[in-house]
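Reading the structure
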Amino acid sequence: MTEQLTLFEKIWRSHTVTARDDGQALLWIDRHLCHEGSFHAFEKLAMSGRKVRRPDLTFSIADHYVPTRNREAGPDEPEIATMIRLLDEHSRTNGIRQFGLGDPEQGIVHVVGPELGLTQPGIVLVCGDSHTSTHGAFGALAFGIGASEVSHVLATQTLWQKRPRTMRITVDGTLGKHVTAKDLILSVIAKIGADGAAGHVIEYAGAAIRGLSMEARMTVCNMSIEAGGRAGMIAPDETTIAWLKGRRYMPTGKDWDAAVAFWRSLKTDEGAVFDREVTLHADEIAPTVTWGTSPEHALPVTAAVPDPAGEANEGRRATFEKAVDYMGLTPGAPLDGLRVDRVFIGSCTNARIEDLRAAAAILKDRSTKVPTMIVPGSTMVKHQAEQEGLDRIFTGAGAEWLESGCSMCAATNGDMVPPGERCASTTNRNFRGRQGPGSRTHLMSPAMAAAAAVTGTITDVRKLAEG
Amino acid sequence: MEPFGKLAATVVPLRLANVDTDQLQPGRFLRKPRSDGYDNYLFHDLRRNEDGSMREDFPLNQPQYQGAEILVADRNFGGGSSREGAVYALADAGFRCIIAASFGDIFRSNCAKNGLLPVELPIEAIEKIWEMAEADPSAPLTVDLASQTVRLANDPETVGFEIDPFVKECLMDGKDDIDLTLAHSQTLSAFERSYGQDFPWRTPTG
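Okay, so let's go over this structure.

Reading guide: rules and limits
- Residues numbered from 1 in each chain as written.
- Chains lettered and ligands numbered in written order.
- Predicted model: local features only at pLDDT ≥ 70, side-chain atom pairs only at ≥ 80, totals over all residues.
- Heavy atoms only, no water.
- Salt bridge = Lys/Arg side-chain N within 4 Å of Asp/Glu carboxyl O.
- Helix = DSSP H or I, 4+ residues; strand = E, 2+ residues; numbered from the N terminus.
- Phe/Tyr/Trp six-rings, centres within 6.5 Å; stacked < 30°, edge-to-face > 60°.
- Lys NZ or Arg CZ within 6 Å of the ring centre and 35° of its normal.
- Contact = heavy atoms within 4.5 Å.
- Buried area = accessible area lost by both parts, 1.4 Å probe.
- Polar contact = N/O pair within 3.5 Å; in protein donor to acceptor, adjacent residues only side chain to side chain.
- Buried < 20%, exposed > 50% of the residue type's maximum accessible area, 1.4 Å probe, protein only.
- Axes fitted to C-alpha atoms, helices over the stretch in contact; angles between N-to-C directions.
- Parallel < 35°, antiparallel > 145°, perpendicular 65-115°, else oblique.
- Left-handed = near helix turned anticlockwise from the far one by under 90°.
- Pairing = 2+ DSSP bridges.

1. Here we look at the pattern of salt bridges
The final tally for this structure, using the stated rule, is 46 salt bridges over all chains. Ionic pairing is found between Arg163(A) and Glu9(A), a salt bridge with its closest N-O pair at 2.8 Å. Of this pair, Arg163(A) sits in the loop between β8 (158-162) and β9 (165-172) while Glu9(A) sits in helix α1 (residues 7-14); the two residues are 154 residues apart in sequence, bridging distant segments of the chain. Across the pair Arg85(A) and Glu89(A) runs a salt bridge whose closest N-O atoms are separated by 2.7 Å. Residue Arg85(A) and its partner Glu89(A) are located together in helix α3 (residues 78-94), separated by 4 residues, close to a single helical turn. Among the charged side chains, a network of salt bridges with common partners joins Arg20(A), Asp22(A), Glu169(B), Asp173(B) and Lys175(B).

Structure (structure tokens):
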């Protein structure tokens, strides 16, 4: 009888260079993506006199700090200009292919990787950014690493990792109308907690997951880190293969056929055992928003701001009190109708073409009531959106249509939510100060963010979409 | 990296859950060179009022906790962004050990790479340490990595903790894991050759 293995186990085994008795494995890395924040790691490498072992497997992309306006003029802050220049220098010195500022294929590393076909089923992919979990949507093992680990991968093309536990999240049924991947993943996090998947690699399974497009699967895997997961993954299928075909760095000819044959075999065996199983029913998921300062503070838009006084657990009550206070909320107030000051549609979670189409469907022939920034996930997404006329819908509604990058998600490039302002945001983190000091973030889907832009309040998108 | 042995030091009690790396070091300081000293950015926005003055009610600002080398927090400490700057900020502020009910995975790994010991304890043990540190801020806590135990001042009982043997070894020896990996050079080169033959289409050629 053959052993029954999970998808994760198959990838882990095939990448183990050597293993220690204590469970640590030296893993081969197929793809290493760098961005301008990797400068600490390149400096460490240079200081030790080491070289990049496999520049052909390493790619660098400027995303976190790139300006979204007047890009031709370059960044106006000297520190930012230096970081972008350093990425350019480190890439050139080490023979790494770079997609820098001004490159037609520049964008957010987790949007560009799949777009160029750098992401493949069955590979191990790492990047010094926690949202590397996004690439798991293709059936890759993909996870974020710190600067020291980036340096280790540059020098050796490997990484020491302790074998994580496995968790399967099965989502049965079908998502309701206007209920999206973002609502699904926010519901998962609300259910298991922001550290609910700590130490685990998540495999998403079930009919609702199988029914998702690749863009939607990326949104789900992207936020695995917000559930505390090391990585999230979805087994490749015909949807995956069709999406990848013809992408720039994909294999071609006989190599493509061999790759596809292999990818079709890449799935969890019937009867394989996970350390933990969680099941959700898609038909119970509503459009979801966060009210507090952790992604686990998520509720259906039809719910109200929780009353901390109603929390029996002392620690939880204190956390809720702090969150309600920071967010400037009234316990018991309905979420639907809560006034917002601005809207941000963008980030590696929700700035792909489908996300922009969903936002455009709501904004078409309507006007925004609050300042609304729309930042595409990549320059290629931007061009595609413009070919489809989405940009005219956005600007026609009074929204700003800008250049691609991380922008107001991480607020590192200078795009920030002013202190005290409330932002409806398609990003992944509603942490204190994440979008700027004193900023208040409500996470939601692109359609929900577009609805908030139209009404100036958090709004159940189903009301607008139904006319 | 400085080897980690036995640490007897005072504690800062931080009764907060979900302290993410954005709190430890806000994103706008990530562009700063390490030579600046990242301790300036540790908890930058949490420990200051809007006008930039220090908040008196934030434990790290309180005189009785100055010089502490151990930080004790609630669950999900260091969740969020992979930024190693969060760990640089703690290390540059003099911390050697972080105790929490659970950690962000990447943060935990970043700690060990910088000589900082992450210790996961049950919440009951953490509450006991908070109470001790609040009652007597000068009371030391002893963290012994070799025996994987934590002991409160004047308490004969120790609390054990789990740690990955590999991480323990690296911390105790102050080892650079790149050197350790390069000791496997031959195995690695052999793997690289056979892997390249098995999966030729995995090397991008576009």
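2. Regarding the packing of aromatic side chains
Tallied over the full model, the rule gives 22 aromatic pairs over all chains. Between the aromatic rings of Tyr195(B) and Phe199(B), the centroid separation amounts to 5.0 Å while the plane-to-plane angle is 50°, which identifies the pairing as tilted. Ring-pair connections join several aromatic residues into one group, and the members of that group are Trp28(A), Trp256(A), Phe262(A), Trp263(A), Phe191(B), Tyr195(B), Phe199(B) and Trp201(B). One residue, Arg202(B), lies across the ring of Phe199(B), its end atom 3.9 Å from the ring centre.

3. Some points on the interface of chain A and chain B
The interface is formed by 72 residues belonging to chain A together with 55 residues belonging to chain B. Both faces combined, the contact of chain A with chain B buries some 5300 Å², and carbon together with sulfur accounts for 55% of it. Between Glu79(A) and Lys32(B) there is a salt bridge whose closest N-O contact spans 2.9 Å. Here chain A is connected to chain B by 30 residue pairs in polar contact (both at pLDDT 80 or more). Those elements that place two or more of their residues in the side of chain A that touches chain B are β1 (16-19), β2 (24-28), α2 (39-47), α3, α5 (147-156), β8 and α10 (253-264) of chain A. Ranked by residue count, the leading element in the side of chain A that touches chain B is α5(A), at 7 residues.

4. A closer look at unusual backbone geometry
Among all residues save glycine, negative phi is the norm, and among peptide bonds the norm is trans. Residues and elements named next belong to chain A. The phi angle at histidine 178 is positive, at roughly 65°, despite the residue not being glycine. With respect to the element layout, histidine 178 can be found in the loop between β9 and α6 (181-192). For histidine 178, a relative accessible area of 30% corresponds to the partly exposed category.

5. Concerning the packing of α2(A) against α5(A)
All names here are of chain A. Contact geometry of α2 with α5 gives a least axis separation of 8 Å together with a crossing angle of 50°. Relative to α5, the element α2 is oriented oblique. As for how α2 packs across α5, the hand of that crossing is right-handed. Along the contact surface, α2 presents His40, Ala41, Phe42, Lys44 and Leu45, while α5 presents Ala147, Ser148, Val150, Ser151, Leu154 and Ala155.

6. Quick look at the pairing of β1(A)
Residue and element names in this part refer to chain A. Examined bridge by bridge, β1 and β2 share 3 bridges and lie antiparallel to one another. Bridge pairing in β2 links threonine 18 to leucine 26. Here β1 folds back onto β2, and the loop between the two strands holds 4 residues, one of which, glycine 23, carries a positive phi near 95°.

7. Details of the sheet that holds strand β4 (residues 58-61) of chain A
All names here are of chain A. Across the sheet, 5 strands lie side by side as β5-β4-β3-β6-β7; this open sheet has parallel pairing. A single partner strand is all that each edge strand has here, and the edge strands are β5 (97-99) and β7 (141-144). Here the average twist between neighbouring strands, direction ignored, is 20°.

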